[in-house]
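Residue-level structural notes
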4 protein chains.
Amino acid sequence: MEKRILLTECTDDVGLIAKITNVCSLFHFNVIRQDQFASSEDNKFFMRTVIEGEFSDEKSNETFVNTVTGVLPQGAHVRLVGTGRKKLCVLVTKESHCLGELLMKAYSGAMNADIVLVAGNYPDLGPLAEKFDVPFKLVSTDGITKEEQEKRMMEVIDGCNPDYVILAKYMRILSPEFVGHYPLGKIINIHHSFLPAFIGAKPYLQAYNRGVKLIGATAHFVTNNLDEGPIIAQDVIKVNHRYDPETLAKAGHDVEQMVLMRAVNKVLDDKVFIHGNKTVVF
Amino acid sequence: MEKRILLTECTDDVGLIAKITNVCSLFHFNVIRQDQFASSEDNKFFMRTVIEGEFSDEKSNETFVNTVTGVLPQGAHVRLVGTGRKKLCVLVTKESHCLGELLMKAYSGAMNADIVLVAGNYPDLGPLAEKFDVPFKLVSTDGITKEEQEKRMMEVIDGCNPDYVILAKYMRILSPEFVGHYPLGKIINIHHSFLPAFIGAKPYLQAYNRGVKLIGATAHFVTNNLDEGPIIAQDVIKVNHRYDPETLAKAGHDVEQMVLMRAVNKVLDDKVFIHGNKTVVF
Amino acid sequence: MEKRILLTECTDDVGLIAKITNVCSLFHFNVIRQDQFASSEDNKFFMRTVIEGEFSDEKSNETFVNTVTGVLPQGAHVRLVGTGRKKLCVLVTKESHCLGELLMKAYSGAMNADIVLVAGNYPDLGPLAEKFDVPFKLVSTDGITKEEQEKRMMEVIDGCNPDYVILAKYMRILSPEFVGHYPLGKIINIHHSFLPAFIGAKPYLQAYNRGVKLIGATAHFVTNNLDEGPIIAQDVIKVNHRYDPETLAKAGHDVEQMVLMRAVNKVLDDKVFIHGNKTVVF
Amino acid sequence: MEKRILLTECTDDVGLIAKITNVCSLFHFNVIRQDQFASSEDNKFFMRTVIEGEFSDEKSNETFVNTVTGVLPQGAHVRLVGTGRKKLCVLVTKESHCLGELLMKAYSGAMNADIVLVAGNYPDLGPLAEKFDVPFKLVSTDGITKEEQEKRMMEVIDGCNPDYVILAKYMRILSPEFVGHYPLGKIINIHHSFLPAFIGAKPYLQAYNRGVKLIGATAHFVTNNLDEGPIIAQDVIKVNHRYDPETLAKAGHDVEQMVLMRAVNKVLDDKVFIHGNKTVVF
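Described in the following lines is the structure provided in the data block. Since the model is a prediction, treat every value here as computed from it, not as a measurement.

Moving on to empty space enclosed by the protein. On inspection of all chains with the given rule, the structure shows eight cavities of 30 Å³ or more. Counted as a void, the largest cavity has a volume near 140 Å³. Lining the largest cavity are 17 residues, with Glu-101 and Gln-257 of chain A together with Glu-101, Met-104 and Gln-257 of chain D sitting closest to its centre. Counting residues per element, the ones that place at least two in the lining of the largest cavity are α3 (97-108) and α8 (245-268) of chain A together with α3 (97-108) of chain D. The residue inventory of the lining of the largest cavity, partitioned by class, reads three nonpolar, ten polar and four charged. Surrounding the second largest cavity, 15 residues form its lining, Glu-101 and Met-104 of chain B together with Gly-100, Glu-101 and Gln-257 of chain C being those nearest its centre. Of all the secondary-structure elements, those providing two or more residues to the lining of the second largest cavity are α3 (97-108) of chain B together with α3 (97-108) of chain C.

Shown next, in the form of structure tokens:
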């Protein structure tokens with residue numbers, strides 16, 4: 001008996017849960033867990049169903065997905081995904097904490113993914129990646145245009161065919177061309193503030209200047225609008241007047257790595273749907 | 001169109017979600033939200049289904065419940081409950097913060113219940129209840145046995161026929177007779193510690209003596225075992241070496257009232273199932 | 001033996017702590033607790049010293065303050081304050097939760113202040129104030145200019161001579177004239193967002209539209225810049241995709257009342273210094 | 001100009017802060033930050049003073065410490081410590097998350113210490129330590145008595161002369177002989193529960209069986225009483241009915257590594273005093 005996850009997105013309607021679970025029964029799949037959400041704002045329906053059964057016949061799986069699609073309103077998007085280890089490509093600059101956490105969780109088995117490549121615009125984190133036998137590619141910006149650097153980076157990423165690209169403190173603003181090269185939902189960024197507060201550069205300096213009593217971090221899918229993509233996870237920690245921009249940044253590292261890890265794990269579990277500029281996270 | 005909630009508990013089996021949602025479809029009830037949990041420990045299944053439709057015919061509602069029960073494994077427990085305001089009886093001693101929070105939330109409409117009676121073993125909180133036009137009954141322990149006092153308290157409670165009895169810092173240990181007089185799940189207590197730490201009397205003094213860096217509160221259903229009933233909600237706040245037992249208690253009041261309120265709201269929304277000595281909280 | 005608090009602000013210099021504590025010794029005051037902060041940004045020094053001794057001779061107290069001032073760099077600001085109950089004037093509109101919490105904490109003795117007046121631009125919360133025997137003044141905006149309404153409100157406030165004015169969800173933007181009528185540090189506002197996110201109107205709608213996973217509240221001193229005064233306290237709670245603007249607001253009420261209460265208590269304990277557009281909170 | 005930290009413990013008395021800061025002035029040390037606590041329970045006084053000045057003459061430093069001691073009540077314990085990197089010896093068994101966090105923080109410079117040795121009773125974490133060029137010593141229990149294994153472990157530890165010994169999920173109960181071999185305050189343990197709840201073995205199983213809604217971790221100094229030493233730091237995370245003992249443990253790893261790291265950093269900053277069976281943490 002194997003487990004798979006059925007992911008359904010469609011226009012909301014009466015009886016959807018019954019229809020979908022009936023098809024599951026028909027194909028002798030047992031429903032282990034089901035979460036659903038219907039947005040009253042735009043009448044969209046999202047459902048994640050963990051099912052158990054016999055999935056060895058891929059043709060039969062395809063028929064199952066088609067049958068589910070057939071009972072749903074037109075335009076439904078239905079996927080059947082496995083629960084195996086995914087492949088991550090991690091982009092970095094110089095700060096090691098987020099990459100370190102990802103490497104450690106992959107190493108200990110606490111993250112259901114392998115890091116197949118680390119790529120950086122600086123060489124600083126190469127030795128860290130290599131400690132964990134993960135290849136590192138330097139894609140420097142030196143002496144070339146932003147366009148050319150991004151082109152090379154895309155080649156490097158595409159060369160390892162990852163399921164997700166994780167921006168683990170990759171301190172470069174991505175061009176629309178780069179972002180548009182990947183489907184929405186494939187690139188995950190960690191931003192070092194509680195968005196939408198302190199969009200853009202130097203959020204810890206902004207936080208210091210404003211005198212906030214909490215600092216935060218936000219993991220989100222990347223879109224063309226800087227720091228404005230759908231938010232997956234956020235958290236904060238308390239700070240006080242004794243913190244300066246440097247100690248704020250140091251304290252913030254802990255919440256950054258924790259929030260990124262939480263978001264990555266939710267995505268790896270296929271618990272995150274994109275809903276316009278928001279997310280549904282089961 | 002009215003909303004009701006279908007609550008199902010039974011032995012786990014293949015296809016339960018499909019069976020239940022099919023019956024909903026058959027009776028033309030639309031499923032708004034569904035949460036379910038199957039315990040691998042003892043093979044029990046719990047489901048809460050918010051449905052929308054026409055419920056004016058009580059006989060038809062009964063048929064609906066019976067039909068649901070009929071498709072489930074033997075021994076299933078099925079209820080169809082409304083979403084109207086419930087009635088609370090609140091028991092108190094001298095501390096006002098939990099009662100105050102309940103009164104304020106009922107007053108502002110933020111709690112889906114009316115407080116129909118406040119009863120205390122001391123007269124101190126009578127004036128507070130009466131400010132909000134809630135009757136107060138003093139059931140003193142003076143000059144009578146514990147047994148007699150409890151008997152009078154039960155009469156007072158039963159006289160107002162509440163849906164739930166809230167022990168809002170009622171500082172009396174209840175006898176098995178008192179507890180057994182009410183069905184499990186009817187009496188909710190707030191204990192001023194992070195259970196199971198600091199069971200029993202003077203938890204803040206115990207916390208002080210142990211030098212903990214967090215103090216907490218626990219809302220739970222009352223059983224015969226002191227402070228050992230199924231936990232509904234818990235939370236903590238940070239403390240440090242500067243707190244003494246008195247300031248710990250003062251700081252703890254905030255987390256007590258918040259945790260009690262959260263638990264009461266979950267229970268009023270019929271989101272809490274009792275599962276052995278634990279709870280399932282949707 | 002009485003306790004008082006010595007509050008010192010001045011340019012930072014070598015030996016300030018020694019100088020101040022020496023003067024305390026000279027006047028036979030025992031230092032119970034001392035907190036200090038020197039800002040490296042602008043070289044300002046802040047100290048709060050709880051001292052114990054004999055304060056019955058006001059002339060001697062004045063000499064003490066002058067002696068402390070004398071040993072400090074020019075421009076030092078030194079105050080000796082008592083620890084008695086303060087007087088609050090609370091401004092409200094229609095939402096009851098913050099006012100309710102303030103009234104309850106004053107009632108139970110958990111707040112070291114008396115609410116001497118509640119004033120509202122709508123009559124809705126009059127009955128609540130009066131339950132607690134606190135006078136309520138309606139200062140309606142009906143049929144008069146904003147200028148005139150503010151003038152009347154200032155008369156009402158000044159008539160009760162409060163130590164602090166608490167804006168407990170007073171949903172009016174204050175004019176520079178109103179703000180300038182009071183010293184900085186006298187008016188405390190609770191804003192229903194995690195500032196600087198969602199400045200201005202309808203923060204819960206803004207939060208909903210952005211799809212954040214946390215919502216917050218911010219208590220701050222009021223200045224002429226809307227929602228930009230020095231922050232005293234902030235906190236957040238977790239939310240998810242199931243919340244709409246209305247349920248976000250309802251959930252936010254808990255964190256609003258908690259954050260306002262925490263800020264008010266810090267201010268009442270004279271633990272808050274204003275430092276430019278920030279605060280030092282001991 | 002160098003920074004050092006003056007740590008003072010003595011019986012409380014009138015004028016201690018003045019006396020100590022006066023000696024600092026006398027020796028031309030500028031006080032950067034000062035935190036103090038006087039326990040009303042047992043009349044003990046603790047002070048941590050960060051001072052800046054010229055410390056190159058060790059004889060003069062000794063005179064300074066003696067002068068401070070001389071102005072304090074008899075039995076005072078005064079230390080002047082530097083702010084340089086400390087040396088840690090980390091003991092482990094099989095779980096990698098706490099060791100991984102310590103290695104990463106040492107690697108990134110976010111922890112003011114070097115890990116000079118990792119020692120384990122199983123070989124599992126040798127490769128991880130060696131990735132970071134930290135020597136690993138296996139001190140197996142195989143075929144030898146507990147007494148003999150502890151003797152070897154003490155030799156290994158003493159051989160690297162660490163400032164602190166960190167039990168990073170070292171799953172062995174230490175004998176009184178082992179504990180007594182080191183001064184109190186030298187060995188720090190992370191326990192995987194919110195102590196005093198769930199003392200002893202299998203806290204996550206205990207937490208599961210009790211149905212708690214929060215799980216926690218506790219970092220404490222090690223004494224002869226299992227899990228009862230002075231607590232340095234604690235924190236919790238929310239869980240629910242969906243967690244089983246295994247997923248509770250996995251979720252708990254995050255809070256364990258965070259709490260251990262926080263405690264270690266506080267100790268490395270000399271911000272922790274031992275006060276009977278409690279701590280004072282500035």
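The discussion continues.
Turning next to the relation of the copies chain D and chain B. Of the transformation placing chain D onto chain B, the axial shift is 0.0 Å and the rotation is 180°, giving an RMSD of 0.0 Å. Look at the turn and shift together and you get a two-fold axis relating the two. Distance from the rotation axis, computed per C-alpha, reaches its smallest value in chain D at Ala-197 of chain D: 2.2 Å. Interface residue correspondence from chain D to chain B reaches 100%, placing this contact among same-surface, isologous pairings.

Before going further, it helps to examine the sheet that holds strand β9 (residues 187-191) of chain D. Residue and element names in this part refer to chain D. Read from one edge of the open sheet, seven strands run β7-β6-β5-β8-β9-β10-β11, paired in mixed fashion. Unpaired on one side and paired on the other, β7 (136-138) and β11 (231-238) mark the two borders of the sheet. Adjacent strand axes in the sheet meet at a mean angle of 20° when their direction is disregarded. Two elements, strand β8 (residues 164-167) and β9, share three bridges in a ladder whose sense is parallel. The residue bridging Val-165 from the neighbouring strand is Ile-187, located in β9. Running over the sheet, α3 touches β5 (86-92), β6 (113-120), β8 and β9 and is turned about 155° from β6. Each of β5, β6, β8, β9, β10 (214-221) and β11 touches helix α8 (residues 245-268); the most contacted strand, β11, lies at about 150° to it.

Quick look at helix α5 (residues 146-160) of chain D now. All names here are of chain D. For α5, which comprises 15 residues, the first-to-last C-alpha distance of 22 Å matches the rise-based estimate of 21 Å (1.5 Å per residue) to within 8%. Regarding α5, the residues found buried are Gln-149, Glu-150, Met-153, Met-154, Val-156, Ile-157 and Cys-160. Seen along its axis, α5 keeps its buried residues to an arc of 165°; they face one direction. Exposed side of α5, more than 90 degrees from the buried face: Glu-147 and Gly-159 are the residues found there. Buried residues along α5 sit in contact with β5, β6, β7, β8 and α6 (176-180). In the stretch just after α5, Asn-161 is the one whose phi turns positive, near 50°.

All names here are of chain C. Across the seven residues that make up strand β5 (residues 86-92), a large majority, six, are buried. Bridge count for β5 against strand β6 (residues 113-120) is seven bridges, and the pairing is parallel. Bridge pairing in β6 links Val-92 to Gly-120. What joins β5 to β6 is α3, and the crossover it makes is right-handed. Looking at chain direction, β5 and strand β8 (residues 164-167) are connected through four bridges and run parallel. Looking across to β8, one finds that Cys-89 is bridged to Val-165.

Okay, the environment of Leu-72 of chain C next. For Leu-72 of chain C, the location among the structural elements is in the loop between α2 (58-71) and β4 (77-81). Not counting chain neighbours up to four residues away, the residues in contact with Leu-72 of chain C comprise Thr-8, Cys-10, Leu-16, Ile-20 and Val-78 of chain C.

It takes a turn of 180° to lay chain C on chain A, together with a shift of 0.0 Å along the axis; the resulting RMSD is 0.0 Å. A symmetric contact is evident, with 100% of the interface residues of chain C recurring at the interface of chain A.

With that settled, the discussion passes to the state of the cysteines. Going through the model one piece at a time under the given rule, you end up with zero disulfides over all chains. Free of any disulfide, Cys-10 of chain A has its nearest cysteine sulfur in Cys-24 of chain A, 13 Å distant. Lacking any disulfide linkage, Cys-89 of chain D is separated from the closest cysteine sulfur, that of Cys-160 of chain D, by 4.2 Å. For Cys-89 of chain D, a relative accessible area of 0% puts it in the buried group.

Calculation rules
Residues numbered from 1 in each chain as written. Chains lettered and ligands numbered in written order. Predicted model: local features only at pLDDT ≥ 70, side-chain atom pairs only at ≥ 80, totals over all residues. Heavy atoms only, no water. 1 Å grid on protein atoms, 1.4 Å probe; cavity = no way out; pocket = protein on both sides within 12 Å on 5 of 7 lines; lining within 4 Å. Points joined across faces, edges and corners; volume = space filled by probe spheres on them. Helix = DSSP H or I, 4+ residues; strand = E, 2+ residues; numbered from the N terminus. Nonpolar A, V, L, I, M, F, W, Y, C, P; charged D, E, K, R; others polar. Least-squares fit on C-alpha atoms with pLDDT ≥ 70 in both. Contact = heavy atoms within 4.5 Å. Pairing = 2+ DSSP bridges. Axes fitted to C-alpha atoms, helices over the stretch in contact; angles between N-to-C directions. Expected span 1.5 Å × (residues − 1). Buried < 20%, exposed > 50% of the residue type's maximum accessible area, 1.4 Å probe, protein only. Arc of directions from axis to C-beta. Right-handed = clockwise from strand over helix to strand, strands pointing away. Disulfide = S-S within 2.5 Å.

Any functional reading would require information beyond the geometric quantities listed.
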